[in-house]
Amino acid sequence: MTVLQDAEPPHIPEGASGMTILVQWPPGDPGTPPHRHSGPAFGYVLEGEVRFELEGEPERVVKAGETFWEPGGDVIHYQDGNARADAPCRFVVTMLCAPGTPMLTLVDEEELARRAHLRAPRPGD
């Protein structure tokens, strides 16, 4: 057995649900626009490289065989796209979803502007 990730998620409310999804992005795909998840998410990259950025953390690249996680809730997930222009990427994510709340909610431009001070500096800033 090899432990790939060990993270302590926040409290999971009664009635929460869990789901595991497979995400596949073609070469250069920017992924989902800025969004948030209603609960914690735990991911594993199967193929390629994923550009990953959470509010307050620097952008990073997660490669095949590596893991990522995010706490969900109020934290904005800025990027989850393919970091490579010449190869596809695939990753699986297991998410815990708050009761009665969608697992993914897009963040509008107005909220992004209000919270811009919480975003970590990006390469080239």
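The structure displayed is predicted, hence computed values, not measured ones.

### Comments concerning the overall build of the protein chain
Phase 1 of the analysis: When helices and strands are tallied, the protein chain shows one helix and nine strands.
Phase 2 of the analysis: When the helices and strands of the protein chain are read in sequence order from the N terminus, they spell out β-β-β-β-β-β-β-β-β-α.
Phase 3 of the analysis: The C-alpha atoms of the protein chain give a radius of gyration of 15 Å, which matches the 14 Å a tight globule of 125 residues would have.
Phase 4 of the analysis: With the principal axes as the frame, the protein chain shows a C-alpha extent of 45 × 45 × 20 Å.
Phase 5 of the analysis: Burial statistics for the protein chain: of 125 residues in total, 35% are counted as buried.
Phase 6 of the analysis: In the protein chain, once contacts between residues fewer than 6 apart in sequence are set aside, the share between residues at least 24 apart is 78%.
Phase 7 of the analysis: A total accessible area of about 7100 Å² is found for the protein chain, and carbon and sulfur atoms account for 54% of it.
Phase 8 of the analysis: Computing the positive centroid from 10 side-chain charges and the negative centroid from 20, the protein chain places the two 4 Å apart.

### Things to note about the packing of aromatic side chains
Phase 1 of the analysis: Summed over all chains, the structure comprises three aromatic pairs.
Phase 2 of the analysis: Seen in terms of ring centroids, Phe42 and Trp69 are 5.6 Å apart; in terms of plane orientation they differ by 10°. Their pairing is stacked. Of this pair, Phe42 sits in strand 3 (residues 41-47) while Trp69 sits in strand 6 (residues 67-70), and the two are 27 residues apart along the sequence.
Phase 3 of the analysis: Owing to a relative accessible area of 22%, Phe42 belongs among the partly exposed residues under this scheme.
Phase 4 of the analysis: Here Trp69 falls in the partly exposed class, since its relative accessible area comes to 28%.
Phase 5 of the analysis: Measuring from ring centre to ring centre gives 5.7 Å for Phe68 and Phe91, while their planes differ by 75°; the resulting arrangement is edge-to-face. Taken as a pair, Phe68 in strand 6 and Phe91 in strand 8 (residues 89-97) lie far apart in primary sequence, 23 residues in all. Assigned by exposure class, Phe68 and Phe91 land together as buried.

Criteria and cut-off values
Residues numbered from 1 in each chain as written. Predicted model: local features only at pLDDT ≥ 70, side-chain atom pairs only at ≥ 80, totals over all residues. Heavy atoms only, no water. Helix = DSSP H or I, 4+ residues; strand = E, 2+ residues; numbered from the N terminus. Rg over C-alpha atoms; globule rule 2.2 N^0.38 Å. Buried < 20%, exposed > 50% of the residue type's maximum accessible area, 1.4 Å probe, protein only. Contact = heavy atoms within 4.5 Å. Areas by Shrake-Rupley, 256 points an atom, 1.4 Å probe, with all protein chains shown as cover. Lys, Arg positive; Asp, Glu negative; His and termini not counted. Charge placed at Lys NZ, Arg CZ, Asp CG, Glu CD. Phe/Tyr/Trp six-rings, centres within 6.5 Å; stacked < 30°, edge-to-face > 60°.

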